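Inside the fold
Here is how the chains run, residue by residue.
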Amino acid sequence: MKVPVPAHIGSIVLVLPLLLAVLQTASAQKNGIQIYSLTVDSKVSSRFAHTVITSRVVNKAEEAQEAIFEMELPKKAFITNFSMIIDGVTYPGNIKEKATAQKQYSEAVARGESAGLVKATGRKMEQFQVSVSVAPAAKVTFELVYEELLKRHLGVYELLLKVRPQQVVKHLQMDIHIFEPQGISFLETESSFMTNELADALIVSQNKTKAHILFKPTLSQQQKSPGQQDTVLDGNFIVRYDVTRTLSGGSIQIENGYFVHYFAPEGLPTMPKNVVFVIDKSGSMSGRKIQQTREALIKILSDLGPKDQFNLITFSSEVTQWKPQLVPASTENVDEAKRYAAGIHASGGTNINEAMLTAVSRLKSDNQAELLSEGSVSLIILLTDGDPTMGETNPRKIQKNVQEAIDGQYSLFCLGFGFDVSYAFLEKMALDNGGLARRIYEDSDSALQLQDFYQEVANPLLTTVAFQYPSNAVEEVTQDNFQLFFKGSEMVVAGKLRDKSPDVLSAIVKGKMHKQNVTFQTKSSVAKQEEEFQSPKYIFHNFMERLWAYLTIQQQLEQMVSASEAESQVLKDRALNLSLEYNFVTPLTSMVVTKPEGQEQSQVAEKPVEDGECGTCVPASWAAEHLPVLGVSMNLKWGFSMLKWRGSPSHTCPLFYPVTPPLPRKGLPEPTSFPSFSFRTIASSPSTSPIFALPLLSLPQELALVAPPVLLMLPGPSMDRLCVNIKDSQEPMNLLSDPDQGIEVTGQYNTEKACFHWIEVTFKNPQVRVHASPEQVVVTRHRRNSAYKWKETLYSVLPGLKMTMNKTGLLMLSGPDKVTISLLSLDDPGKGLLLLLRDTDHFSSHVNGTLGQFYQDVLWETPEGADDNKRILKVQGKDYSATRELKLDYQEGPPGKEISCWSVEL
């Protein structure tokens, strides 16, 4: 099987959240509005993304029609410009102070007009929408511009594009240019709509510091079927990357009088931590929430380090401590804690105040008793799904009590489960105490969301980090002191250079590591750095100044949450002035979109906040001021695909299907020696390994064929197969392990159902783990988990590995010179998993395991007096009785194909 070589991808994952404009035309073909050009141009310069989406439409109808421009963008992004060009006249969007725009907004609402253009559409997206009436044969050009500083998350930057034009487009093109002076260490792409045909329209090129991703599909490549206007383009396109880093971890970049300092040192040891988990088990947590919380907590406990200490506090109306003090994360203690977590049940009220004060008191007492290790980091992680109902219920009083109790000694992280909890309450309590808040969305992957959050804080590397610059060199510097630095994240400081600053800008970063103080020094030549950013293809004008303004506004909005009333007003005034000066739509500004005379005279776009049912990145304290939201999608999923087939209840067993040319074997007669067999030719496509003609036994029609739990291609030139029944294993099994290939396949088998509970595939290069169960597929990459339901279409290209899944649910893991592994799931009551192998000629001589042993030397013998349907199979000193039988092969889907195979029991 020919596998395309994936483009080499770097190590900071940069996700570019871009959404192709959507013209709602169930619409388009019915009302005559046609999109004839749709382009996305995104320039990412030193993590700062500047994205321009341009959509051109024409009205093909004989009367005026409404055209709707709909666009999704990341919640962290700020819209900087929107305009419509109609009959040669430009109608711009004007950004004003929210109070100034409020009158226009209120008047529009009073007239019954749709004034709010932006709304939240998911976990990480906001949606921008505007409509306009288009005369017959008239053309309209829509242009939307937004900017965002990409944030490093678990070791990667991510850029997400939502592609959903809803009709084929004559000129459709995405251009993404990335420039990173530090160097791009890896780059990868992923899509939830890509097919093998569309993959030809994707071109990725990269050198040491620059990358270009071009996607330009033809009309025929976009079509679901020839001659139709329905498009296959409906989903996410993601770019991930990281940059090259050093032990010093510092990079100062300078452009046009502004600087940005990125800090993320490599190779630092993880500091031991003391963690108190505070878990809400009130009645509102009952059902799925508490089940997912138990599941996540058990997994998180497994990830505690050997030098960590921990305790569990559960609360409802009352508060309960698991242990009277924090205990080491030994195997015995962790196992006991898992059993305790598994028994957590929900009932009662919500006494958050007492639970939090108990957690703080526990840490203080243990610290005073010198039970906490020197140089360790203490964290409190609160998970709750509702507002306080027992004990102290005043949110402000609780926030005050917790802040006074913690007194800057510990960091508090608050997780709000669902939308019944006040996110503003949790956000302020976390920010007051050196942590952060996160919403956990009620969904099938809630447990994974909890686990991923823990991974963000699982590896503290530095505390009390301070950045220092010469006072005669810089001014108006953004936040330069940070309480904690975690593995996989990045600290960013930006500022202005003074008029007479030195030719070399130097910086000192000080922090505390386990039991010692550390200092990092970085220097950067102003002239050399200025020269770096001169390529207009990759750079947009004054990008670093806009990066500084963006970062300053974001930090001031966050600081307003925990500031005093007087301080908050000062921060608000400065953030507002910067928003207006740099034309950003923020929670403090609004964009008024003007329209041609005779239509709605204006529409108002405002930035949403994290509150109610719309999750966004803006401080929830300003929820009272928000309107519907602008949005971009940043859904990070790995491109995998699994197949669930519907068949009869007898076809519920997992299959293991190698289908490439086998290794030489000894002593096995060719199938043609069986006179009772008829031959059937199985067709193969050019993209798959050849499948040779197989002998089929003639059985009475009334005997139903079944699929074997494991189906292996036998070593040998005849492409014969081995059907394996596993009888004696209930423990996890090592199915395959090939150190030369860097592949390991394990699974849990159910002998009663003759099916696998789960199958897990682990790759060493790139480091990826795929865990499949009958319910979902979980892909772990960069310590981050992504869950996929069967039959989600995905296409992911990593360095050395391609992962695809189509709508039939077939998940394929392939790569250059790698064995191709496919996974499937059945919809039958047995809920079994299927495992298929192709390209097995790539197995090395070191392959082993329960199934891997059959790719070593295999000897066949005919028992004395036996007919041609009986054989003895000798494998690594073991003898297995083999009988020729008819079975069903599901590698091409139900109802399956009849095959003849040798059946053995293990």
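In short, a report on the structure.

The rules we used
- Residues numbered from 1 in each chain as written.
- Predicted model: local features only at pLDDT ≥ 70, side-chain atom pairs only at ≥ 80, totals over all residues.
- Heavy atoms only, no water.
- Helix = DSSP H or I, 4+ residues; strand = E, 2+ residues; numbered from the N terminus.
- Buried < 20%, exposed > 50% of the residue type's maximum accessible area, 1.4 Å probe, protein only.
- Contact = heavy atoms within 4.5 Å.
- Areas by Shrake-Rupley, 256 points an atom, 1.4 Å probe, with all protein chains shown as cover.
- Pairing = 2+ DSSP bridges.
- Axes fitted to C-alpha atoms, helices over the stretch in contact; angles between N-to-C directions.
- Disulfide = S-S within 2.5 Å.
- Parallel < 35°, antiparallel > 145°, perpendicular 65-115°, else oblique.
- Nonpolar A, V, L, I, M, F, W, Y, C, P; charged D, E, K, R; others polar.
- Expected span 1.5 Å × (residues − 1).
- Arc of directions from axis to C-beta.
- Salt bridge = Lys/Arg side-chain N within 4 Å of Asp/Glu carboxyl O.

Examining the overall build of the chain
Along the chain, the regular secondary structure elements total 13 helices and 53 strands. Expressed as a percentage of the 906 residues in the chain, the buried residues total 60%. Restricting to contacts in the chain with at least 6 residues of sequence separation, those with at least 24 account for 71%. For the chain, the computed accessible surface area is about 35100 Å², with 48% contributed by carbon and sulfur atoms.

A few points about the sheet that holds strand 27 (residues 481-486)
Spatially, 27-25-29-30 is the arrangement adopted by the 4 strands of the open sheet, whose pairing is antiparallel. Of all the strands in the sheet, the pair left with one neighbour each is strand 27 and strand 30 (516-525). Taking each pair of neighbouring strands and ignoring which way they run, the sheet shows an average axis angle of 30°. When strand 29 (residues 504-513) meets strand 30, the two strands line up antiparallel, connected through 10 bridges.

Points about unusual backbone geometry
For the peptide bond that leads from Asn-765 to Pro-766, omega is 0°, which places it in the cis range. Summarising the element assignment, Pro-766 is placed in the loop between strand 41 (755-763) and strand 42 (768-772). Its identity is not glycine, yet Asp-87 carries a phi of approximately 50°, on the positive side. Mapping Asp-87 onto the fold places it in the loop between strand 5 (78-86) and strand 6 (89-97). Positive phi, normally seen in glycine, also occurs at Lys-791, with a value near 80°.

Quick notes on the state of the cysteines
One way to say it: the disulfide is the covalent bond shared by the sulfur atoms of two cysteines. In this structure the tally under the stated criterion is 1 disulfide. Across the disulfide, Cys-723 is cross-linked to Cys-901 (sulfur-sulfur distance 1.9 Å). Between Cys-723 and Cys-901 the disulfide shows an S-S torsion of about -110°. By sign, it is left-handed. Taken together, the residues Cys-723 in strand 38 (residues 721-725) and Cys-901 in strand 53 (residues 897-905) connect sequence positions 178 residues apart. Judged by relative accessible area, Cys-723 falls into the buried class, the value being 1%.

Thoughts on the packing of helix 5 (residues 288-302) against helix 6 (residues 331-342)
Each pair of packed helices gets described by two things: the angle between the helix axes and the distance between those axes. It is the contact of helix 5 with helix 6, at a shortest axis distance of 9 Å, that shows an interaxial angle of 175°. With respect to helix 6, the axis of helix 5 lies roughly antiparallel. Two secondary-structure elements touch here, helix 5 through Arg-294, Leu-297, Ile-298, Leu-301 and Ser-302 and helix 6 through Val-334, Ala-337, Lys-338, Ala-341 and Ala-342. Broken down by class, the residue content of the contact of helix 5 with helix 6 amounts to 7 nonpolar, 1 polar and 2 charged.

Examining helix 6
Residue pairs spaced three or four apart in an α-helix point in one direction, given the helix's 3.6 residues per turn. Helix length check: helix 6 (12 residues) gives 16 Å between terminal C-alpha atoms against 16 Å at 1.5 Å per residue, within 8%. Among the residues of helix 6, those classed as buried are Asn-333, Val-334, Ala-337 and Ala-341. When helix 6 is viewed along its axis, its buried side chains cluster within an angular range of 95° and face the same direction. Away from its buried face by more than 90 degrees, helix 6 exposes Thr-331, Glu-332 and Arg-339.

Considering helix 9 (residues 423-431)
Among the 9 residues in helix 9, 8 count as buried, and that is most of the element. When we look at burial in helix 9, the residues that qualify are Tyr-423, Ala-424, Phe-425, Leu-426, Glu-427, Met-429, Ala-430 and Leu-431. In the core, the buried residues of helix 9 are packed alongside helix 7 (352-368), strand 22 (377-384), helix 8 (395-406), strand 23 (411-417), strand 24 (437-440) and helix 12 (543-562).

Considerations on the pattern of salt bridges
Where charged atoms from two side chains of opposite charge come close, those side chains can pair. Under the criterion given, the structure shown has 29 salt bridges. Glu-475 is the partner of Arg-498 in a salt bridge, and the nearest nitrogen-oxygen pair spans 3.4 Å. Within this pair, whereas Arg-498 is found in the loop between strand 28 (491-497) and strand 29, its partner Glu-475 is found in strand 26 (residues 474-475), the two being separated by 23 residues in sequence. One network of salt bridges, in which partners are shared, links Arg-47, Arg-152, Glu-180, Asp-242, Arg-245 and Glu-490.

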